[in-house]
Amino acid sequence: MSKAGPLPLEGQSIEEQQRGAISGPTVQVSAGGPAANASASPAPETPASPTTAGPAAGAPAFRDVYAHTIKPNQKKNVVIRGLEASFGCVLHGEYASNEIRTAKYTLLTFLPVNLFEQFTRVANLYFLIIAILQFIPGLAPTSWFTTVAPLVIVLTINAIKEIVDDFYRHRSDNEVNSRTVLVLEEGGKETPVTWRDLAVGDIVKVMNDTEIPADMVFLSSSDPGDICYVETANLDGETNLKIKNCFSKTAGKHLADELKEFAEDSVIRCELPNTNLYRFEGAVMKRADPDAAEHQLPLTADNLLLRGCSLRKTDWVVGVVVYTGIESRIMMNRTPSPRKVTQLERHMNILVLTMFILLFVISALMSMGEIIWQKAHVYDDWYLEFNGKYPDFFPSFKGWVIGVVRWVILLNGVIPISLYVTLEVVKVFQCKMIYDQDRAMYHAETDTPFSCRTTNLNEDLGQVQYVLSDKTGTLTQNVMGFVWISADDQVYGKKTCESEGLPNPAHIDPKTPHSIALDPDLIRGLGLNLEILSRAAPTKSNKSMRGHANVIRAAAAGQPAPNPELERFMLNLAVCNTVVPAISDEGHYVYQASSPDEEALVTGAAFLGYRLYSRTTDKVVVEVLRTGEHLEYNVLAVLEFNSDRKRMSIIARCPDGQVRLFCKGADTMIMARVKPTQPRITNVRMHLEEMAQAGYRTLCVAEKVLPGAAYEKWAEQYRAATVALQDREGKVAAASEAIEKDMDLLGATAVEDKLQDGVPEAIEKLLAAGIGVWVLTGDKVETAISIALSCRLFTEEMALVEVRERDFEDAKEESDVASVLASKQEEARMEQSRLEAELGPGRGCMVGLVVEGGALTRLLKPEHASQLCNLCTSCKSVVCCRVSPLQKAMVVKLVQRERKAITLGIGDGANDVSMIQAAHIGCGISGREGRAAVMASDYSFAQFKYVARLVLLHGRAAYKRNAEVVWYAFYKNWIYNMVLMYFGFLTGFSAQPLFTSGLIALFNVIFTSAPTVAFAVLEQDVSIETVLSTPLLYAETMLASRKGFLLEMLWWIVLASFHSLCIFFLPMYSMSTPNKSGNYEDLVMIGTTVYTGMIITVNLKLATRTRYWTWVNHLCIWASIIIWWPFVIGYSGVFQVVPIAGVADMCSVAMVIMAGPRFWLAGVLLSPAMSLLPDITHMTFQRTFAPKPFQVYQEIEWKEELDAEMKKRLGLANPAPPHHDQHHHMEEDTQA
């Protein structure tokens, strides 16, 4: 039972939550030994009602959990289960039920909930109101069928999509809730229980390769080291294994009878449910005296097994359930992704609003005209039979209102009902048929295809103005190679055996990324004979293996002892980490590390003879291969890495009996905590600068001997901090800070992370397209600049302006900060002027900007945002160094807010999630840092180089295609409705429809929909090769504005108005005279002829806009026209077979009008020809006298095709087909 009260457990910031560069599975041990690692264990029987203790007012709330060894009967009866299933809810008791429901609907709730959601869309609500008005007797000029039928089709398509999605949710929920797990009970019983019936306090046994069913405190495992391995891919996307440590007091116990004493004597006190995946504050205490500090044993996140994790490489674990169902961490983190609305959708909303206003104005004017006409006729023309009653009021305000409503109903199609569903269908096709199937964005090495995780942002890809990218794992491979060290005041790693003309060590692959192990000076310094080391080894691998020991031991025989400083350095690397070693089936040593940096450092040390042999909760064993000795380090405490500390430390009792602190971390953090009088500091700083200039990632290494009395005093402070239930993190951080000082600096490491293939070329194309590319990284300034030069973000001729933290040391007031920024802006301007004078004008911006994270802390304040953004956007490229994940997101939001620009964020790790979610478009790289970035992204792929193709090719095409879909939808509906309005001029403004209900209902659904979809999926204005080789073409869509969009729409409306005049008046007046039989064509005959001209014209209009013809386009356009004839003939004959009142007006109409020439001349030939004449004329003059860039390239392509064809016909050459031939286009575009 949870004590009521506030829970001021603020969630960590994103960067605090995510693991950092050297983080990994962590072991938290108490100051006195492994007890501090304790995790609450399943304990014996519980009292009938668990109670809750709580702190005084103002302190954090918590819950007390009592384990039980006899499971209470808490199963729900059939009635409760039925009600839950009907309403899609779960009934909770004192604690949350472990049953989960992620499905949105049930059979009972689907219809009302789905309809409610669909009618929250303004367009659907608009047509619903129209449909309701049409049901009012005497009010509607058209049948309700004309609106209801299309609306039902639109709603049904969306409903089917929701049903399919929810079906899979239901199936997944049922599968999860029906899984079974073993619950331990007295008498040695292991009772299978479904997940839905688990309860807080149950003692659960989970087997290998199965998921954890609820959040539970880890009590014991089959592992002799009392640890287990879990995979957290379902929680944070990371696929590397993490180590968890059991509560020491229950280690080795796996039966309820063995745990009974613990359950009866102990209570698990833990924080209330929250969303934090990486923090857990709890303690195990005595029931008799829970507040006694000496009886409290801490619980941390390392003792908590979270629901959704998978148990790996451990036969079984036992735990006691503390959080269930919706209170578990994974469920509390299930937040809906932010809905991202594209610029095109915003333009559409403005357009819809404009059309609605226009519709009302037209309706008001037409109704006014009807009133004027009625005043002239209703009183004198007796045959009109006006009686002044509803709905035929005499001319009055009431009559005007009725007229407005009638005209709104008649002309409601000016807002196309099919537009939204058409766009949704088009985007799904674009994503699934083109992007996901694009072989050019498939990475064969990792078997990773491109994946669209959302389908509603396609056109925004064509308007990206800024790409903001992470560096490590995004621009680089994140395959770390240990290359240099600074130790004993020297840099090792610059030389290799090959460069010195010496044989390579046989146990190491010469192509290994860990080239530090190939330095002959370092090998000799560690007391190894290089000649012996180069002899054939039993096996080869780029990882340390069993066979290495014999080779290294032989190479050490008869050699002098290793350099003590170098050995000390290597032992520090082998001890100070969170890597978990394992041996594969082939006998290889495999290191499980959450950070590639740590894996590289440990592997490099192993190659050089200092191998991490094993790691448990309280012990690290290092094997010194040259002697075969196993050094045991008893771990006393682990001070974990996080993005604030930027370092990690291990305190251990060493083989010589001394207590030492081993530490490694960012140079800024370590240098501030070492003894300032060490001469080595100067040398290491020089070496660090050299490493950074080479583009390497650096860490400093330090250690410290802790005197017994000082350590014991600190251990008490640390132990009190680890059991604190209020501000535990702050107290642990303070304790860590107290011990991590006055350390001895040992040196530094350099790790290389090479660029991915194609990154320089991709960045070059993006910059050439006018897209700003910013890199946001946590690396040092020098490292980031080196990488920026390598990937062509900066060039040698560019001038760099640096904004460093030290620039603001004297800035006490915000006005001083603004002055510093102004000086940097002036510096950028002067550098640009200097370069233009030296290299000549017309070369664009040639200034790059480097901003340090410490400076950003001050500059991201609201009062400096505009000035900072002006500085950044005035430069060609920007690199932000030493930035936190939160700062990455803030920079993205700064650009969005200040520049109103479309941003694309791209990263590969959990620390990039905030940036990815903040950007308009988020892209995740499937890399070595798990799938957290992919899970948070809109688009995912394996390599950065695919960004250029995604944006420049697919994004540009999507914007152009989808914009045309919108313009075309309003265009064809404007023609349709203007024809009805013109007819009103001839019928006394009476809102009389020209077409029958069937024709009205099917215009958008049948005769004009398929060509639109085909065009939006397949159209290409220029070839793929031309687009990718000419990045400047991207400016056409990138710079497209709302003003330009609406002006283009206005031009379409102008043309549509002319088309409607031709389509209506040509048939109307050509058919107003008697035919050869002396009869006049009636209303339906004229309407059918007009409708025929309208179908042909709007489809031919799309044909004139199509540049790239495939068989699909041909089929859709010509079939949409051709099927009209069998349809209208069949429609006209229905009444003769089945006398249905709704089709009586069309009886025999088709055969009558088709028998005369006027239908064919006026409706089929003349109307489309005269309508499209201005379009063709305008296109011709525009292409000739004011061609757009893409049209110029079209002419170039056509000329190439013509030249190739002429040479082929004349036999002058036998050239290969032009690269943009139709077959090639079709293959590339569909990537079938």
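Residues numbered from 1 in each chain as written. Predicted model: local features only at pLDDT ≥ 70, side-chain atom pairs only at ≥ 80, totals over all residues. Heavy atoms only, no water.

- As annotated in an unreviewed UniProt entry, the chain carries the name Phospholipid-transporting ATPase and comes from Chlamydomonas schloesseri.

## Here's the deal with the nonpolar core
Here is step 1 of the chain: In this structure, Ile-771, Tyr-939, Phe-941 and Phe-995 are the most contacted members of the largest nonpolar core, which totals 144 residues.
Here is step 2 of the chain: Counting residues domain by domain, this core receives three or more from each of domain 2 (418-430 + 954-1210) and domain 3 (438-474 + 755-953).
Here is step 3 of the chain: Excluding its chain neighbours within four sequence positions, the residues that come into contact with Ile-771 are Val-464, Gln-465, Tyr-466, Val-467, Leu-766, Val-951, Leu-952, Tyr-1034 and Met-1038.
Here is step 4 of the chain: Core analysis: the next-biggest nonpolar cluster, separate from the first, contains 61 residues, Ile-523, Ile-552, Val-602 and Phe-641 among them. (Core = buried A, V, L, I, M, F, W, Y, C linked by side-chain atoms within 4.5 Å. Buried < 20%, exposed > 50% of the residue type's maximum accessible area, 1.4 Å probe, protein only. Domains from an automatic or database assignment. Contact = heavy atoms within 4.5 Å.)

## Brief notes about the packing of helix α35 (residues 1083-1105) against helix α37 (residues 1124-1137)
Here is step 1 of the chain: Relative orientation of the contacting elements α35 and α37 amounts to 160°, with a least axis distance of 12 Å. Considering the angle they form, α35 stands roughly antiparallel to α37. In this structure, the crossing between α35 and α37 has a hand that is right-handed. Across the interface between the two elements, Thr-1088, Tyr-1091, Thr-1092, Ile-1095 and Ile-1096 of α35 pack against Trp-1124, Trp-1125 and Val-1128 of α37.
Here is step 2 of the chain: Residue classes in the contact of α35 with α37 are distributed as six nonpolar, two polar and no charged. (Axes fitted to C-alpha atoms, helices over the stretch in contact; angles between N-to-C directions. Helix = DSSP H or I, 4+ residues; strand = E, 2+ residues; numbered from the N terminus. Parallel < 35°, antiparallel > 145°, perpendicular 65-115°, else oblique. Left-handed = near helix turned anticlockwise from the far one by under 90°. Nonpolar A, V, L, I, M, F, W, Y, C, P; charged D, E, K, R; others polar.)

## A word on the sheet that holds strand β2 (residues 180-185)
Each strand in a sheet pairs with another by means of backbone hydrogen bonds, the pair being arranged parallel or else antiparallel.
Here is step 1 of the chain: Taken in spatial order, the six strands make up an open sheet running β3-β2-β4-β13-β5-β11, and their pairing is antiparallel. The outermost strands of the open sheet, each flanked by one partner alone, are β3 (189-194) and β11 (304-305).
Here is step 2 of the chain: When β2 meets strand β4 (residues 203-207), the two strands line up antiparallel, connected through two bridges. Among the inter-strand pairings, Leu-182 is bridged to a residue of β4, identified as Lys-205. (Pairing = 2+ DSSP bridges.)

## Observations regarding unusual backbone geometry
Here is step 1 of the chain: Following Tyr-390, the chain continues to Pro-391 via a peptide bond in cis, the omega torsion being 5°.
Here is step 2 of the chain: Within the element layout of this structure, Pro-391 appears in the loop between α9 (343-377) and α10 (397-410).
Here is step 3 of the chain: At Lys-313, a position not held by glycine, the phi torsion is positive, near 55°.
Here is step 4 of the chain: With a phi close to 65°, Ser-1148 is a non-glycine residue in the positive phi region.
Here is step 5 of the chain: Structurally, the position occupied by Ser-1148 is in the loop between α37 and α38 (1149-1154).

## A word on the pattern of salt bridges
Here is step 1 of the chain: Considering all chains together, one arrives at 66 salt bridges under this definition.
Here is step 2 of the chain: Here Glu-327 makes a salt bridge to Arg-63, at a shortest N to O gap of 2.8 Å. Placement of the pair is Glu-327 in the loop between β13 (316-323) and α8 (329-332) and Arg-63 in strand β1 (residues 62-65), with a sequence separation of 264 residues. You'll find Glu-327 and Arg-63 in the same group, each marked buried.
Here is step 3 of the chain: The salt bridge involving Asp-436 is made with Lys-432; its shortest N-O contact spans 3.5 Å.
Here is step 4 of the chain: When its relative accessible area of 17% is taken as the criterion, Asp-436 is described as buried.
Here is step 5 of the chain: Judged by its relative accessible area of 40%, Lys-432 is partly exposed.
Here is step 6 of the chain: Linked through salt bridges whose partners overlap, the residues forming this network are Asp-489, Glu-565, Arg-568, Asp-656, Arg-660, Lys-675, Arg-680, Glu-703 and Asp-744. (Salt bridge = Lys/Arg side-chain N within 4 Å of Asp/Glu carboxyl O.)

## Side note on the state of the cysteines
By definition, a disulfide links two cysteine residues through a covalent bond between their sulfur atoms.
Here is step 1 of the chain: Applying the stated rule across the entire model yields zero disulfides.
Here is step 2 of the chain: Free of any disulfide, Cys-881 has its nearest cysteine sulfur in Cys-880, 7.3 Å distant.
Here is step 3 of the chain: Here Cys-881 falls in the buried class, since its relative accessible area comes to 0%. (Disulfide = S-S within 2.5 Å.)

## Considerations on the sheet that holds strand β27 (residues 772-776)
Here is step 1 of the chain: Taken in spatial order, the nine strands of this open sheet run β14-β33-β32-β31-β15-β27-β30-β29-β28, and their pairing is mixed. In this open sheet, the two edge strands, each paired with only one partner strand, are β14 (451-452) and β28 (799-803).
Here is step 2 of the chain: The pairing of strand β31 (residues 902-907) with strand β32 (residues 921-925) spans four bridges and is classified as parallel. Looking across to β32, one finds that Gly-907 is bridged to Gly-924.

## Things to note about the pairing of strand β29 (residues 847-852)
Here is step 1 of the chain: Most of β29 sits inside the fold, with six of its six residues counted as buried.
Here is step 2 of the chain: Because side chains alternate across β29, one face comprises the buried residues Val-847, Leu-849 and Val-851, and the other comprises Gly-848, Val-850 and Glu-852, equally buried.
Here is step 3 of the chain: Inspection of the sheet shows β28 paired to β29 by five bridges, in the parallel sense. In the strand pairing of β29, Glu-802 is matched with Val-850.
Here is step 4 of the chain: Of the pairings in the sheet, the one linking β29 to strand β30 (residues 877-881) comprises five bridges and is parallel in character. From the neighbouring strand, Leu-849 faces β30, where its bridge partner is Val-878.

## Quick look at helix α21 (residues 759-768)
Here is step 1 of the chain: Among the residues of α21, Val-759, Pro-760, Ala-762, Ile-763, Leu-766 and Leu-767 are the ones counted as buried. Axial view of α21: buried residues confined to an arc of 165°, hence all on one face.
Here is step 2 of the chain: Check the buried side of α21 and you find it contacts β15 (464-469), β27, α22 (781-790), β30 and α29 (946-986). (Arc of directions from axis to C-beta.)

## Description of the packing of aromatic side chains
Here is step 1 of the chain: Overall, the coordinates contain 44 aromatic pairs when judged by the stated rule.
Here is step 2 of the chain: Taken together, a centroid distance of 6.0 Å and an interplanar angle of 50° make the contact between Tyr-982 and Phe-1064 tilted. Here Tyr-982 is found in helix α29, whereas its partner Phe-1064 is found in helix α34 (residues 1042-1070), with 82 residues between them in sequence. Both residues of the pair, Tyr-982 and Phe-1064, belong to the buried class.
Here is step 3 of the chain: Ring geometry for Phe-1065 and Tyr-1069: centres 5.8 Å apart, planes at 10°, overall stacked. Of this pair, Phe-1065 and Tyr-1069 both sit in helix α34, four residues apart, which is roughly one turn of the helix.
Here is step 4 of the chain: Among the aromatic side chains, those forming a connected cluster through ring pairs are Tyr-976, Phe-995, Phe-1003, Phe-1007, Tyr-1091, Trp-1124, Phe-1127 and Tyr-1131.
Here is step 5 of the chain: Lying over the aromatic face of Trp-484, Lys-494 brings its terminal NZ or CZ to 5.5 Å of the ring centre. (Phe/Tyr/Trp six-rings, centres within 6.5 Å; stacked < 30°, edge-to-face > 60°. Lys NZ or Arg CZ within 6 Å of the ring centre and 35° of its normal.)

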